[in-house]
Amino acid sequence: MEILFRPWRITYLQQEKDKECILCKKRDSNDDEENMMLIRGEYSFALMNIFPYNIGHLMVAPFRHGISFEELSMEEIQEISLLVKRLVTAIKNSLSPEGFNLGINIGKAAGAGIEDHLHIHIIPRWVGDTNFMTSISDTRVLGEALVDTYHRIKGAL
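What you see is a predicted model; the values in this text were computed from it and never measured. (Residues numbered from 1 in each chain as written. Predicted model: local features only at pLDDT ≥ 70, side-chain atom pairs only at ≥ 80, totals over all residues. Heavy atoms only, no water.)

Peer 1: What exactly am I supposed to notice about the overall build of the protein chain here?
Peer 2: In terms of helices and strands, the protein chain carries five helices and five strands. The helix and strand sequence of the protein chain, counted from the amino end, reads α-α-β-β-β-α-β-β-α-α. In the protein chain, which comprises 157 residues, the proportion classed as buried is 38%. If you take every contact in the protein chain between residues at least 6 apart in sequence, the share linking residues at least 24 apart comes to 63%. Total accessible area computed for the protein chain in this model is approximately 9500 Å², and 54% of it derives from carbon and sulfur atoms. (Helix = DSSP H or I, 4+ residues; strand = E, 2+ residues; numbered from the N terminus. Buried < 20%, exposed > 50% of the residue type's maximum accessible area, 1.4 Å probe, protein only. Contact = heavy atoms within 4.5 Å. Areas by Shrake-Rupley, 256 points an atom, 1.4 Å probe, with all protein chains shown as cover.)

Peer 1: Would you explain the sheet that holds strand β2 (residues 44–48) in this entry?
Peer 2: Strand-to-strand pairing in sheets goes through backbone hydrogen bonds, with the strands running parallel or antiparallel. Read from one edge of the open sheet, five strands run β1-β2-β3-β5-β4, paired in antiparallel fashion. Sheet topology places β1 (37–40) and β4 (99–103) at the edges, where each strand pairs with a single neighbour. Between one strand axis and the next, the sheet turns by 15° as a mean value, whatever way the strands run. Bridge count for strand β3 (residues 58–62) against strand β5 (residues 120–125) is three bridges, and the pairing is antiparallel. Each residue of the ladder has a partner; that of M59, found in β5, is H121. Contacts from helix α5 (residues 146–156) reach β1, β2 and β3 within the one sheet, and its direction differs from that of β1 by about 30°. (Pairing = 2+ DSSP bridges. Axes fitted to C-alpha atoms, helices over the stretch in contact; angles between N-to-C directions.)

Peer 1: Would you take a moment to explain the packing of aromatic side chains for this structure?
Peer 2: Between two aromatic rings, the relevant description is the distance of the centres plus the angle of the planes. For the structure on display, the rule yields one aromatic pair. Ring geometry for F45 versus F63: centroids 5.5 Å apart, planes at 25°, classification stacked. Of this pair, F45 sits in strand β2 while F63 is found in the loop between β3 and α3 (74–95), placing the two residues 18 residues apart along the sequence. Relative accessible area serves as the criterion here: at 0%, F45 is assigned to the buried category. (Phe/Tyr/Trp six-rings, centres within 6.5 Å; stacked < 30°, edge-to-face > 60°.)

Peer 1: Teacher, can you tell me more about α5 here?
Peer 2: Spacing of three or four residues puts side chains on the same side of an α-helix, whose turn is 3.6 residues. For α5, every residue scored as buried is listed here: T149, Y150 and I153. The arc that holds the buried residues of α5, viewed along the axis, is 105°, so those residues lie on one side. Looking at the packing, one finds that the buried side of α5 touches β1, β2, β3 and α3. (Arc of directions from axis to C-beta.)

Peer 1: Would you mind going over the pattern of salt bridges with me for this structure?
Peer 2: Close approach of charged atoms allows side chains with opposite charge to pair. Using the criterion set out here, one finds three salt bridges in the structure. A salt bridge links R27 to D28, with the shortest nitrogen-to-oxygen separation between them at 2.7 Å. When the shortest N-O distance is used, the salt bridge between D32 and R40 registers 2.7 Å. Take R40: its relative accessible area is 33%, and that puts it in the partly exposed class. (Salt bridge = Lys/Arg side-chain N within 4 Å of Asp/Glu carboxyl O.)

Peer 1: When you look at unusual backbone geometry in this model, what are you seeing that I'm missing?
Peer 2: Most peptide bonds take the trans form, and the phi angle of most residues other than glycine is negative. A positive phi angle is found at M36, which is not glycine, with a value near 55°. Within the secondary structure, M36 sits in the loop between α2 (22–28) and β1. Classification of M36 as buried rests on a relative accessible area of 11%. For S96, which is not glycine, the phi dihedral falls at a positive 50°. Here S96 shows up in the loop between α3 and β4.

As C-alpha cells, this is what we get:
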C-alpha cells in the first residue's frame, strides 16, 4: 500500500473556522469578482476554490444550505449537472487539462472541509501536476495566480 502525505492541508484544517458558512457568505455577497464567483443559476452557483488542489479547482453548490445529497430537488440536480458540464467545457477551452477529478465529499469523515453545505469539486489535472515541491517542502506550485485563472475560466463561459 502506498501512503501519500499532504502536510500543507494541516494549516487549513487547524485554522479557526468561521462560524458562518463560507459558501453562503459568498453566495449572499454582491461582489462576484472579489468572491471569485463564476456563475449563478436559479438553484446553484459555481466559484473558484481559494484553497485549490490544482490550478482551476472549482466548486459547484446548491443555493440551499444544510441539505443532504438525497434532499436535492430534480431541478437542483439538473442545474448542478449542467453547470458541471458547462464548467468542464470552459476549463478545457481555457486551461487545456489532460484530465479531471470530479467529486463530492459528504461529511467530515469523507474529507469535507465545508461540512454543512453540499458542493461538488471540479479539479483539472495534468500528467505530472504534482511534483517534489508538494512532497518534500510543504509548498504547492500553482502555475498561475488564482485571479488570472478566474478571469480565464470566466471568459470561457
